[in-house]
Amino acid sequence: MHTNSLNWRWPRKAQLLITSAILLLQNFLPISQIFAEATSSVHIVYLGDKISHNPETTKMHHLKMLSSLLGSKEAARSSILYSYKHGFSGFAARLTKSQAEEIAKFPEVVSVIPNRIHKLHTTRSWDFIGIHHSSSKSSFTESNLGEGTIIGVIDTGIWPESESFNDEEMGQIPSKWKGVCQVGEQFNSTNCNKKIIGARWFLKGLTDHTKKIILGNDTNEFLSGRDAIGHGTHTASTAAGYFVKNASYRGLAHGLARGGAPLAHIAIYKACWGLPIADCADADILKAFDKAIHDGVDVLTVSLGVAIPLFSYVDQRDTIAIGSFHATAKGISVVCSAGNSGPISQTITNTAPWIVTVAATTIDRAFRAGITLGNNHTLWGQSIDTGKRNLGFVGLTYSERVALDPTDDFAKDCQYGSLNATMAAGKIVLCFSLSDQQDIVSASLAVKKAGGVGLIYAQFHEDGLNQCGVFPCIKVDYEVGTQILSYIRRARFPTASLSFPKTVIGKWTSPRVASFSSRGPSSMSPTVLKPDIAAPGVDILAAFPPLGTTKNSGFALLSGTSMSCPHVAGIAALIKSKHPTWSPAAIRSALVTTASQSGTDGSVISEEGSTYKAADPFDIGGGHVNPNEALDPGLIYNITTEDYIHFLCSMGYSDESISKVTKTAKKCKKEKDQGLNLNLPSISVPNLKKSAKVMRTVTNVGNITSVYKAIVKAPYGIKMRVEPQILSFNSKSRVLSFNVSFFPTQKLHGGYKFGSLTWTDGKYFVRTLIAVRTIQS
């Protein structure tokens, strides 16, 4: 949910189309309500944990509090939008600035949060990471493919008619389910089934914030759980889509489509809307969390995130951290996207320790398209444009040669209106990207306007492909672009022919960290190593609404950490199905400690940002997700809500704030290295001076009687000592603790260095990643 970038990378043309989408509201919200009180705005009054197990009692308490502020019950009822009464306590209401300041002084109020607007952050990917699902139920594995679990999706809704959401051979809806199939525009109770077992939509926070927008009938949105954008449909089917044979995007990426947990049930919480591009309001997001907790989901996939700078986890405005804290306390695993601001360091979001934060990687699939020059030399790029084209040779030119104004540089990267139509007409145009303000889709519109018939777009490395649609577009790197330019400069009449793209699998070393994937360390809590894990997020094929007039197969290729997030959510459902009593921390531990650090060629996983290097934990966390190993991890690191409270104490939050959030009479005690001892499956020491000692506790979930030995790989310039070095488990000793001490061997300030501690009994290899930064006083 970035305000400066999307966690879902989509073509600019499509973004412009969505900008025109506005919601139909006249029959649902009175105009007087939308435009009333120009000086008021929505604020979230957060009261912490529930004060009562009776939701109606909690709601009446909220109205009483608001009535005492506003002077009457009528004013309170008119002001309030939502009452949060299931997973936590609080309400969203229209308040003036002075009223918000006044209610913040009430003794039981933790914080008053202004309602902000945020942005949203397959056929091959599951095979690539080792889940070889068959479409035959008779061959289902021991994990039952997530059978009996419920994945909640906080996103843009769902397209229920997609083949991915049929309920063939689905099990019965779990008896614990308390949700509903909320009806609305083009969405009724029959759109739910044994796959989509619930759908809710939340709009009040967004409509109040955007009350100046004229709302009418010319909209692509639906006042219901129906997805008008496609993001929610894509993420839901990635996590838990059922088997769909012969799926493809215009013939590309052809194969058997399915989600990670094909037999898991899906619950939809539509909190993001096309106003103008996938906007999500804090008030609506919190209500989605509140209802998901009430309804009984097991896993939540949330491809959203706040923007840098981050807010603190308790006292301020990170509504995802707040909502996910209460969900985790109720036993729900919350999986979130890391953000799309990479490859710059310290850009990662969703850094709270109770969240599973997911980075994005590539898979071993590409869509190669040939560029045959007039000298019969063929160079290669990538494309997903499969429309009609002249397969013969046509004129080829460089954009600077056909500039409308040769004295400026706008034509170099083919900015709109910069090309001479007389000179560019009928030709393939080569453009070079000069800034992040221009992309292949925008360049294609400029070339099309000038009468061009094709585009070759040379740019710095950036993962993910966009469809131009108007005519053939092929993306190449600067090296290939320079070779083509050299040919243009030498040839008297340069020509080229562009081939259709073809799907190629297994020809490139993968996975590689996606260029856009946000990087650690966490700027809010550097003792919490983020991201936790990495998963496929580049050119992922999944279900998509048949939007627009262009023929659509019901599937689309999208890239972003929004796509990697539901991969891990699906795997979390598999683990939950096999181990129903495991806590969210245990599930996260299983994912992190079993992750892979090797690519398909046996070398370490790489990342390609400003430079090419081996990926480190700030790129991929524990590594690339390994679902088969995660189902049987050997040892787990467990964390209780009380442990998280100790962590909040270490962050310097007041006793009063923590007590209000958790409804415990917590008195924080100052302890040495308190922030380092949260029982995470990783260790991050951001400020090592003379020494530091870290304690961890592991629970044996493998062989009852087993002996684990420590394998230490110390970070460069750091001495590590593990005590004890052997852990012996039996029926009476299932939980054991150990200490890790760190000592710097160099008297210099340094950047982070990385290592690992692996516990092994010969069968299991439980890897704990380590990051240490030396600070000399």
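Criteria and thresholds
- Counting restarts for each chain, with residues numbered from 1 along the sequence as it is written.
- In keeping with the predicted nature of the model, local features appear solely for residues at pLDDT of at least 70, side-chain atom pairs appear and are counted solely at 80 or more, and the whole-chain, interface and lining totals rest on all residues.
- Processing note: side-chain calculations cover all non-hydrogen atoms of the structure and skip hydrogens and water entirely.
- UniProt positions are given in the numbering used here, feature names are shortened, and annotations may be inferred rather than shown by experiment.
- It only takes one pair of heavy atoms within 4.5 Å for two residues to be counted as in contact.
- The way it works is that DSSP assigns letters per residue, a run of H or I at least four long becomes a helix, a run of E at least two long becomes a strand, and they are numbered from the N terminus.
- What counts as a salt bridge is simple: a side-chain nitrogen of Lys or Arg found within 4 Å of a carboxyl oxygen of Asp or Glu.
- Exposure categories follow from relative accessible area, calculated using a 1.4 Å probe and restricted to protein chains: below 20% of the type maximum is buried, above 50% is exposed, and the middle band is partly exposed.
- Only strands joined by at least two bridges in the DSSP assignment are considered to pair.
- Pairing of aromatic rings covers Phe, Tyr and the six-membered ring of Trp, with a centre-to-centre limit of 6.5 Å; geometry is then stacked below 30 degrees between planes, edge-to-face above 60, and tilted otherwise.
- For this text, the term disulfide refers to a pair of cysteine sulfurs within 2.5 Å.
- In plain words, nonpolar cores are sets of buried Ala, Val, Leu, Ile, Met, Phe, Trp, Tyr and Cys residues tied together by side-chain atoms within 4.5 Å.
- To obtain an axis, a line is fitted to C-alpha atoms, over the contacting stretch when the element is a helix, and the angle between two such axes runs from 0 to 180 degrees between their N-to-C directions.
- To sort the angles, those under 35 degrees are grouped as roughly parallel, those over 145 as roughly antiparallel, those from 65 to 115 as roughly perpendicular, and the leftovers as oblique.
- Only Asp, Glu, Lys and Arg are considered charged in this grouping, and only Ala, Val, Leu, Ile, Met, Phe, Trp, Tyr, Cys and Pro are considered nonpolar; every other residue, Gly among them, is considered polar.

1. Here we look at the UniProt feature "active site" (unreviewed entry) in the protein chain
So, step 1. The UniProt record annotates "active site" (unreviewed entry) at Asp155, His231 and Ser562. Taken together, the annotated residues stretch across 408 residues yet fold into one region, lying no more than 10.0 Å apart by C-alpha.
So, step 2. Excluding residues that lie within four positions of it along the chain, Asp155 makes contacts with Leu120, His231, Gly232, Thr235, Tyr269, Lys270, Ala271, Cys272 and Ser303.
So, step 3. Tracing the backbone shows His231 in helix 8 (residues 231-240).

2. Comments concerning the pattern of salt bridges
So, step 1. Here the structure, examined in full by the defined rule, presents 18 salt bridges.
So, step 2. Among the ionic pairs, Lys176 bridges to Asp298, the shortest N-O distance being 2.4 Å. Residue Lys176 is found in the loop between strand 6 (150-155) and strand 7 (196-201), and its partner Asp298 is found in the loop between helix 9 (282-295) and strand 13 (299-302); the two are separated by 122 residues along the sequence.
So, step 3. Judged by relative accessible area, which is 38%, Lys176 ranks as partly exposed.
So, step 4. Residue Arg512 pairs with Asp463 through a salt bridge whose shortest N-O separation is 2.4 Å. Here the residue Arg512 occupies a position in strand 24 (residues 512-513), and Asp463 occupies one in the loop between strand 20 (454-458) and strand 21 (473-476), the gap between them amounting to 49 residues.

3. Comments concerning helix 15 (residues 584-593)
So, step 1. Counting buried positions along helix 15 yields 10 of 10 residues, so the element is predominantly enclosed.
So, step 2. Taken together, the buried positions of helix 15 are Pro584, Ala585, Ala586, Ile587, Arg588, Ser589, Ala590, Leu591, Val592 and Thr593.

4. Structural notes on the sheet that holds strand 12 (residues 279-281)
So, step 1. Taking strand neighbours across the sheet as the criterion, the 3 strands line up as 5-12-11 in an open arrangement whose pairing is antiparallel. Only two strands of the sheet have a single partner each, and these edge strands are strand 5 (117-119) and strand 11 (272-273).

5. Focus on the pairing of strand 37 (residues 752-760)
So, step 1. Judged by how many residues are buried, strand 37 sits mostly within the fold: 7 of 9 residues are covered.
So, step 2. As paired elements, strand 33 (residues 706-713) and strand 37 share 5 bridges and run antiparallel to each other. Looking across to strand 37, one finds that Ile711 is bridged to Thr758.
So, step 3. Bridging between strand 37 and strand 38 (residues 765-774) involves 9 bridges; their strand directions are antiparallel. Looking at the pairing, Leu757 lines up with Thr768 of strand 38.
So, step 4. Counting the residues that bridge the hairpin from strand 37 to strand 38 gives 4 residues, and of these Gly762 lies at a positive phi of roughly 100°.

6. Quick notes on the environment of Leu70
So, step 1. Structurally, Leu70 is set in helix 3 (residues 55-70).
So, step 2. Leu70 has contacts with Ala75, Ala76, Ser79, Leu95 and Gln99, leaving out every residue within four places of it along the chain.

7. Here we look at the environment of Gly387
So, step 1. If you trace the backbone, Gly387 turns up in the loop between strand 17 (378-382) and strand 18 (394-398).
So, step 2. Residue classification places Gly387 among the partly exposed residues on the basis of a relative accessible area of 43%.
So, step 3. Through-space distance from the C-alpha of Gly387 to that of Phe500 is 8.4 Å; in sequence the pair is 113 residues apart.

8. What to know about the packing of aromatic side chains
So, step 1. In the structure shown here, the tally under the stated rule is 15 aromatic pairs.
So, step 2. Relative to Trp273, the ring of Trp201 lies with its centre 6.1 Å away and its plane at 70°, an arrangement referred to as edge-to-face. In this pair, Trp201 is assigned in strand 7 and Trp273 in strand 11, connecting sequence segments 72 residues apart.
So, step 3. Exposure remark for Trp201: the relative accessible area of 14% places this residue in the buried category.

9. Things to note about the state of the cysteines
So, step 1. Here the structure, examined in full by the defined rule, presents 5 disulfides.
So, step 2. Here Cys181 is linked by a disulfide to Cys192, with a sulfur-sulfur distance of 2.0 Å. Between Cys181 and Cys192, the S-S dihedral sits near 85°, and the bridge is therefore right-handed. Here Cys192 lies in the loop between strand 6 and strand 7 and Cys181 lies in the loop between strand 6 and strand 7, a separation of 11 residues in the sequence.
So, step 3. Linked covalently through their sulfurs, Cys468 and Cys473 form a disulfide whose S-S length is 2.3 Å. A torsion of -120° about the S-S bond marks the disulfide between Cys468 and Cys473 as left-handed.
So, step 4. Judged by relative accessible area, Cys473 falls into the buried class, the value being 2%.
So, step 5. If one numbers only the bonded cysteines of the protein chain, in the order they occur, the disulfide pattern is 1-2, 3-4, 5-6, 7-8, 9-10.
So, step 6. Note on Cys336: no disulfide assigned, nearest cysteine sulfur contributed by Cys565 at a separation of 6.0 Å.

10. Topic: the nonpolar core
The nonpolar side chains of soluble globular proteins are, as a tendency, buried together.
So, step 1. Among the nonpolar cores identified, the biggest contains 57 residues, and Phe289, Leu300 and Trp354 are the most heavily contacted of them.
So, step 2. Counting residues per element, this core draws most heavily on helix 9, which supplies 7 residues.
So, step 3. What Leu300 contacts, discounting residues up to four positions off in sequence, is Gly152, Val153, Ile154, Phe289, Ala292, Ala327, Ile332, Ser333, Val334 and Val335.
So, step 4. Of all hydrophobic cores here, the second largest spans 39 residues; its members include Ala199, Ile266, Leu591 and Ala595.

11. Some thoughts on unusual backbone geometry
So, step 1. In this structure, the amide linkage connecting Gly520 to the following residue, Pro521, adopts the cis form with an omega of 0°.
So, step 2. Counting through the fold element by element, Pro521 comes out in the loop between strand 24 and strand 25 (533-536).
So, step 3. Positioned with a positive phi, Gln186 is a non-glycine residue whose angle comes to about 55°.
So, step 4. Topologically, Gln186 is positioned in the loop between strand 6 and strand 7.
So, step 5. Despite not being glycine, Asn350 has its phi angle at roughly 55°, a positive value.

12. What about the packing of helix 9 against helix 10 (residues 319-329)?
So, step 1. Look at helix 9 against helix 10: their axes get within 9 Å of each other, and the N-to-C directions meet at 10°. Comparing the axis directions of helix 9 and helix 10 gives the class roughly parallel. Residues Asp282, Ile285, Leu286, Phe289 and Ile293 of helix 9 pack against Thr319, Ile320, Ile322, Gly323, Ser324, His326 and Ala327 of helix 10.
So, step 2. For the contact of helix 9 with helix 10, a count of residues per class yields 7 nonpolar, 4 polar and 1 charged.

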